[in-house]
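Residue-level structural notes
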Amino acid sequence: MNKPLDLRELMVDQAELAKRLRQETSGEVMTDSASRGRYATDASIYQAMPVAVFVPKTTQDIANAIRIAAELGVPVLPRGGGTSQCGQTTGAALVIDNSKYFRNVLDLNLDKGYVEVEPGIVLDHLNSSLKQHGLWYPVDVSTSGQATIGGMAGNNSCGSRSIAYGNMVHNVLGIDAWLATGEVAQFANYANSSGAAKQLGDFVKDLATTLTPEIEAHFPKVLRRVAGYNLDIFNPQSELPYTQDGSVNLAHLLVGSEGTLAYFKSLKLKLAPLPQHKVLGIVNFASFYKAMDSAQHIVKLGPTAVELVDRTMIDLARSNPSFKKTIETSLIDHTAQTPEAILLVEFSGEAHAPLLDKLKALQELMSDLGLPGSVVTMPDASLQKNLWEVRKAGLNIMMSLKGDGKPVSFIEDCAVPLESLADYTQALTDVFSKYGSRGTWYAHASVGTLHVRPILDMRRDGAQKMRAVAEEASALVRKYKGAYSGEHGDGLCRGEWISWQFGPKITEALAEIKHAFDPKGLFNPGKIVNPPKMDDSINFRFPPSYKVIPLQPALDWSAWNVQNDPVTEETTAPGTGGDPAMGLAKAVEMCNNNGHCRKFDAEVMCPSYRVTRDEKHLTRGRANTLRLALSNQLDMKDESSPLGSDAIKEVMELCVSCKACRRECPTGVDMAKMKIEFLSAYKKRVGHSLRDLAVAYLPQYAGTISSIPLLPAILNLRNHIGPIAKLQEWIMGISAQRSLPIWKSKTFWSQKESNAYQYTPEQLASNADGKGVVLLADTFNAYFEDENLQAALKVLKAAGYRVHIPHKSQTKKVASESTCSKEFCCGRTYLAAGMVDKAKATLGELVDHLAPYADKNIPIIGLEPSCLFTLRDEALVMGFGERAVSVSKQAQLLEEFLASEVKSGKLNLQLKASDKPVLFHGHCHQKSFAAVTPAMELLKLIPNAEPKLIESSCCGMAGSFGYEAEHIEVSKQMAEASLLPSIRKSPNAWVVADGTSCRHQIADGTQREAVHIARILAAQL
Ligand SMILES: Cc1cc2nc3c(=O)[nH]c(=O)nc-3n(C[C@H](O)[C@H](O)[C@H](O)COP(=O)(O)OP(=O)(O)OC[C@H]3O[C@@H](n4cnc5c(N)ncnc54)[C@H](O)[C@@H]3O)c2cc1C
Ligand code: SF4
Ligand code: SF4
C-alpha cells in the first residue's frame, strides 16, 4: 500500500535530474526558480514549486523522462493548459508540459466517427479542424480555447451541453498511456483488452465486485460526479451509462484520474454531428427559487443546455455599455425591474422547424408553471451567439474584483438532483450570509451544477471561512444526495472529501488501484489518494506569510491598492489597500491563472505566446514571474532590483506592449503598463543603450535632421547601402533586414500653412456652428508621413470643421528644458525606453495645452493610435489629476470622431465609389480601446468598398520592437501568423492600417503600400 509521500520532505537531486534529462532527451529542461515558479500554479488557490519543468519534443522524450524520474524517485506531473481549479496541476514534481509539441490529430475516421489525438491538443483547435466534416467533439468546456484533451480527460471535464452529450467519461473511446513501469498500455474495451491493461482491469473488476453494495450505496446517482476514480465502470451509477452498448471501457478508469495513474500518450474520442440549427428560449424569473425549481421541468423538453444567469450578473452586464444592448435582448421588459434570474434554454437539431415547436412547448410549460409570457424566443443565431458571449463576460466582470478578497472556487461545482436544486441554492445562500459573504450563481442548471464563489481573503481569515462553508455545503450535498465534486475534479481542494463522499472502504479501494498502477506513488502524488487538507496553508498561493516587498513604482497604481467588502463588493478608496508596492503588486495579483491568455482566437492576446507557445511569453507567465519577484520568492542574483531583474527581463523580452491583455484578460491584467515599470527599473539598473536613446529622443531631433539640407538624403542611404545597414546593426542593434522610415526635408511643419491652424479654445468654442476640433500632429505623421495629416485636414475641412493643431510656438509657456522640443509629443518613445520621468514631462506639457480645449468639450483627434491612446491610458496614471481625465474624455481617433458625427446626424460624408475592395488591419491599441468598429463603419460609407476586417493579432512591429535585431525573426513570425497571408490573398485590395509601424511591416513583408484611413477618405471625397 502507498505510504503518504510527504512532498515537503522530498529529497531529490535536481541537478542530476536536469543533467540526465538534457543528456537523454531532446526536450527543454528548466530548473531556475522563475521557470519553475511559472508552473507552480493553476487556476486554483494553491501553489507548489516543481522540482523541474520539462517540455518534451518527442514521445521518446516523455518515455525517457518517466524512466529517469522513476530511477531518481522524482514524482511526475503531466500538464496541459494548467487551467484546473482545484490544484491538481500543482505539485513538487517534474512537471511535463504537453501543450507545446503534442498537438496533433493522429487519426480521423469519419465512417466510424472517431478521432485519435495527442494529449496536448486544445479543444477549440480540434473542433476547428473537424468543422469541415460537420463534426465536433461535444464536451464544450468554457475553457475550450485553452483546455487540452489530455487535461480534460485527466479531470473528467464537462461542458455546458453535458445534458445532451455527457462528460469526458462518456466520450472517450480509448487511451494509450505510459504506466509507471515505462511500458505503454492500451486502455479500451475490456472484453478485448490484453497485457498490462487487462491485468489492471481484472484487478479493478475484482475490487469493484467485492464492493458492489458500497458502490451502489455511495456513488451519487447524478450525471455530474467526477470525484475519485471511476470504480463504477463495471456497474455504472451515473444517470447516463458510460457506454451506449453497456460494454466496459478501461479507458474510463483513467478519465478523471488527474495524472495519478498513468501518463496519456494518445486519446481516441467519440465525435458527434455538429448541430445544424439552434434556437434559444430565455425564461425570465421574478424569483430565483422559482428559476431553480423550474429547471427539473424544463429539462424534460429535451434541451441541449439550460444555463443560469442571476440578477447580479444581469445588472453587471446592463451597467456595461458594451453588453447592455445584448443582455436586454434577453429581457421581457427592459424598462421594468431586472429579473432575479434568467434561464437560457437551448434546443438544437438537424432542422429548424421542429426547434421552433420546442420553443412553443417551452412557452406553454412556463404558462402551466404559472409564468405566462415569461419567455423571450431567440431563433436568430447571431443574437444567440452575442448572448452566450455576455454570459461569459459576466463571469469575467465578477472575477475582476480588486482587493485581497477574491471569489474563491472550492464548492463551485457541487451537483445536486434537479428536484432539490431550489432548496439547495437557498440553503447555501444562507450559509454564505452566515459567514459574511455572498455568492453570484451561474451556469449549468440543466444538470444541477451551479457555479458559485464566495468572496474570501486567503491572506487573512479565508482559510477558516472556507473550511466552515465547505463543511456546511457538504452537509447540504449529502442531504440532497448530490456529488460534492461535480465538474472541476479533486486536486488539493477536494481530495480530502473523497472519503467523506464514498466512505472508508471505497477510499481504501482507490488507494489499492493507485498502488496497482503506480507502486512507487510517483504519478502526481497527493491527488485523489492520500490528499492533504484543503486548507493546509503551506499549499496556498497566498498563505498568511505572503509578503510583498516595499517599492515605489514609476506609475500610479493606487486604483488597485484597495480592499473590498465581500458582501457589497464595494472597494475602499484608491491607495488604501495596504500594498507595500503601492498597488503594483495587487495589480499583478489580479492574474488568477485561468489561462485565458493562451487563446488563439480572432483577437490579439497574446501575440508572443502565439508565436513561441512558451509559458514565459504568455501574459500569465509574466504576471506569475512578477508576483514571485515582488513577493521575494525567486532566487535572484540582482536582488537590489527585483522588478528590474534579469528574471523579469526574460519574460518581458517579447511583450510587444500591445495592450491586448488590458482588454481581453478577464481580470484586466495590464501587462503593457507593467512593462513600463519593468523598463523603468531595468534601465535604471543597466543604463540606456544607444538604440534606446535614438528611439527615445526621436521626437526631439526629428525637426533638426529634416531641417539640415541634404542630411535626410544622406541618412536615407542606409536603406540602399547594405554595409551601412550592417554597421548600424552592429553598433546599435537595429536590424539590417529592415528598411527604416524615410527622412524628408519637406515635412508637415516645414510647410507655411501648418502655422495657419492655430486657435485658442475660446475661438474654437465660439465657432458659430460649434465645429471646432483639435488635431494632433504626432512626430511620425508630421515628419515621415505628412500626407496623412494633409489628408485628415482635407477631410475635416471639407466637412466644415475649424482645426487647431497644437504647436508650442503659440503657447505662452516656454518649453521646459527637459523637453526642449518645438513640437508637443505624447512621450510614447520615452515610455518605450523606460524613461518615465521624461515621458511625464513631455506628456504633461501636452496635457496642459489640451486641457483648456477639453474643458470646453472640443474633440481632440489623433491619427497614430499609439500616440493618441497614450492620452486615454498612460496619461491617467502619471499623476496629472483631473486635467488628464478631462483630456482623455475628448481624445479620439479620426475615425472614432467622424463615425460618431455621422451617427448623430451632424455629418453627411458623401464619398465616391471605390474601384477596389478594402482590407482593414486594426492597430493593437485601437483594438484594445474598441476603436476598430468606427473605422469599419466609416469604410462602409464608401460605395463598393466592401471593407473586410483582417482577423489578425499584433503585426509584430510594435513600435521599435520589429526593428530590433534580436527580435526580427519573432516580429516576422507574428506578421506571418495571419496579417501578411491575408493581404497576399487579396492582391487588388486597398490595405488600410492606421499604425505607422503596421504600415511599415506590411510594406516590408508584402511590398504593398498600406494607407492611413485618412488617405482613403480624402481620396474618395
Ligand atoms: C474560467 C474557467 C472555466 C472553466 N470551465 C470549465 C468547464 O466549463 N467545465 C469543466 O469541466 N472544467 C472547467 N474548468 C476547469 C478546467 O479548465 C478544465 O478541467 C480543463 O479541462 C483542464 O484542461 P487543462 O489542459 O488546462 O488541464 P490541466 O489543468 O493542465 O490538467 C488537468 C489534469 O489532467 C492531468 N493531465 C494533463 N495531461 C495529462 C496527460 N497527458 N496524462 C495524464 N494526465 C494528464 C493533469 O495532471 C491534471 O491533473 C474551468 C476552469 C476555469 C479557470
Ligand atoms: S493574465 Fe489574465 S488571462 Fe492570463 S491567466 Fe492571468 S488572469 Fe487569465
Ligand atoms: S501587452 Fe500584448 S504582448 Fe504584452 S502580455 Fe499583454 S497581450 Fe501579451
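Our structure is the block above this text.
Values in this document were obtained by computation on a predicted structure and should not be read as measured data.

**What to know about the pairing of strand β6 (residues 114-117)**
- For strand β5 (residues 105-109) and β6, the ladder comprises four bridges, and the chain directions are antiparallel. For Leu108, the partnering residue across the bridge sits in β6 and is Val115.
- Connecting β5 to the next strand, β6, in antiparallel fashion are four residues, including Gly113 with a positive phi near 70 degrees.
- Note that β6 and strand β10 (residues 263-270) share four bridges and pair antiparallel. Directly across from Tyr114, in β10, lies its bridge partner Lys270.

**Topic: the site of ligand 1**
- Around ligand 1 lies a shell of 35 residues, among which Pro78, Thr83, Ser84, Thr148 and Cys158 are the nearest.
- One of the side-chain nitrogen or oxygen atoms of Glu487 is found 3.0 Å away from a nitrogen atom of ligand 1.
- When ligand 1 is considered free in solution it has 980 Å² of accessible area, and contact with the protein chains removes 95% of it.
- Secondary structure elements with two or more residues in the shell around ligand 1: β3 (76-79), α5 (149-155) and β10.
- Looking at the shell around ligand 1 residue by residue, the classes come out as 11 nonpolar, 21 polar and three charged.

**Some thoughts on empty space enclosed by the protein**
- Within the structure shown, the criterion is met by 11 cavities of 30 Å³ or more.
- What the largest cavity holds in volume is close to 130 Å³.
- Lining the largest cavity are 13 residues, and of these Leu776, Ala777, Asp778, Cys826 and Leu846 lie nearest its centre.
- Residues that form the lining of the largest cavity fall into these classes: 10 nonpolar, one polar and two charged.

**As for the packing of aromatic side chains**
- Taken as a whole and assessed by the stated rule, the structure comprises 21 aromatic pairs.
- Summarising the aromatic geometry, the rings of Trp743 and Phe784 are spaced 4.8 Å apart at their centres and angled 55 degrees between planes, so their arrangement reads as tilted. Taken as a pair, Trp743 in the loop between α30 (722-732) and α31 (761-765) and Phe784 in helix α32 (residues 779-784) lie far apart in primary sequence, 41 residues in all.
- Overall, the relative accessible area of 13% leaves Trp743 in the buried class.
- Here the aromatic residues Phe288, Phe432 and Trp441 are joined through ring pairs into a cluster of three or more.
- Between Lys771 and the ring centre of Tyr801, over which it is positioned, the NZ or CZ distance is 4.6 Å.

**As for the environment of Gly733**
- Summarising the element assignment, Gly733 is placed in the loop between α30 and α31.
- By relative accessible area, Gly733 is classed as buried at 15%.
- Here the alpha-carbon distance between Gly733 and Gly491, two residues 242 residues apart in the chain, equals 48 Å.
- Not counting the four nearest positions on each side in its chain, Gly733 is found in contact with Arg691, Gln728, Tyr963, Glu964, Ala965 and Glu966.

**Here's the deal with the pairing of β10**
- Examined bridge by bridge, strand β8 (residues 172-178) and β10 share six bridges and lie antiparallel to one another. Paired with Ile175 across the bridge in β10 is Leu267.

**Quick word on the packing of helix α16 (residues 421-434) against helix α17 (residues 462-479)**
- At a minimum axis distance of 10 Å, the contact between α16 and α17 shows a crossing angle of 165 degrees. Looking at the two axes, α16 sits roughly antiparallel to α17. Crossing handedness for the pair α16 and α17: right-handed. Residues Tyr424, Ala427, Leu428, Val431, Phe432 and Lys434 of α16 pack against Val469, Glu472, Ala473, Leu476 and Val477 of α17.
- Tallied by class, the residues present in the contact of α16 with α17 amount to nine nonpolar, no polar and two charged.

**Quick notes on the site of ligand 3**
- For ligand 3, the set of nearby residues contains 13 residues, the closest of which are Cys606, Arg622, Cys655, Cys658 and Cys661.
- Residues of the shell around ligand 3, tallied by class, amount to nine nonpolar, two polar and two charged.

**Here's the deal with the packing of helix α33 (residues 786-798) against helix α38 (residues 894-903)**
- In the contact formed by α33 and α38, the axes pass within 12 Å of each other and the chain directions differ by 15 degrees. The angle between the axes of α33 and α38 places the two elements in the roughly parallel class. In this structure, the crossing between α33 and α38 has a hand that is left-handed. Of the residues in α38, those in contact with Ala792, Val795 and Leu796 of α33 are Leu894, Phe897 and Leu898.
- Split into classes, the residues belonging to the contact of α33 with α38 amount to six nonpolar, no polar and no charged.

**Comments concerning the side chain of Ser409**
- As for its placement among the helices and strands, Ser409 is situated in the loop between β16 (406-407) and α16.
- Judged by relative accessible area, Ser409 falls into the buried class, the value being 9%.
- Among the polar contacts listed, one links the side chain of Ser409 to the side chain of Gln85, at a separation of 2.6 Å.
- Those residues within four positions of Ser409 in sequence are excluded, and the remaining contacts are Gln85, Arg453, His488 and Cys493.

**Quick notes on the sheet that holds β6**
- If you walk across this open sheet you meet the five strands as β5-β6-β10-β8-β9, and the pairing is antiparallel. Edge positions in the open sheet fall to β5 and β9 (184-187), since each of these has one partner strand only. Within this sheet the neighbouring strands show an average axis-to-axis angle of 10 degrees, counted without direction.
- On top of the sheet, helix α3 (residues 59-72) reaches β8 and β10; it is set at about 60 degrees to β8, its chief contact.

**Digging into the sheet that holds strand β2 (residues 52-55)**
- Here we have four strands laid out as an open sheet, ordered β1-β2-β4-β3, and mixed in their pairing. The open sheet has two edge strands with one neighbour each: β1 (28-30) and β3. Ignoring strand direction, the axes of neighbouring strands in this sheet form an average angle of 20 degrees.
- Across four bridges, the pairing between β3 and strand β4 (residues 94-97) is parallel. Pairing of Pro78 across the sheet is with Ile96, part of β4.
- Across the sheet, helix α1 (residues 14-24) is in contact with β1, β2 and β4; its angle to β1 comes to roughly 170 degrees.
- Of the strands in this sheet, β2, β3 and β4 are in contact with α3, which crosses β4 at around 175 degrees.

Thresholds, definitions, all that
- Residues numbered from 1 in each chain as written.
- Chains lettered and ligands numbered in written order.
- Predicted model: local features only at pLDDT ≥ 70, side-chain atom pairs only at ≥ 80, totals over all residues.
- Heavy atoms only, no water.
- Pairing = 2+ DSSP bridges.
- Helix = DSSP H or I, 4+ residues; strand = E, 2+ residues; numbered from the N terminus.
- Near = heavy atom within 4 Å.
- Polar contact = N/O pair within 3.5 Å; in protein donor to acceptor, adjacent residues only side chain to side chain.
- Areas by Shrake-Rupley, 256 points an atom, 1.4 Å probe, with all protein chains shown as cover.
- Nonpolar A, V, L, I, M, F, W, Y, C, P; charged D, E, K, R; others polar.
- 1 Å grid on protein atoms, 1.4 Å probe; cavity = no way out; pocket = protein on both sides within 12 Å on 5 of 7 lines; lining within 4 Å.
- Points joined across faces, edges and corners; volume = space filled by probe spheres on them.
- Phe/Tyr/Trp six-rings, centres within 6.5 Å; stacked < 30°, edge-to-face > 60°.
- Buried < 20%, exposed > 50% of the residue type's maximum accessible area, 1.4 Å probe, protein only.
- Lys NZ or Arg CZ within 6 Å of the ring centre and 35° of its normal.
- Contact = heavy atoms within 4.5 Å.
- Axes fitted to C-alpha atoms, helices over the stretch in contact; angles between N-to-C directions.
- Parallel < 35°, antiparallel > 145°, perpendicular 65-115°, else oblique.
- Left-handed = near helix turned anticlockwise from the far one by under 90°.

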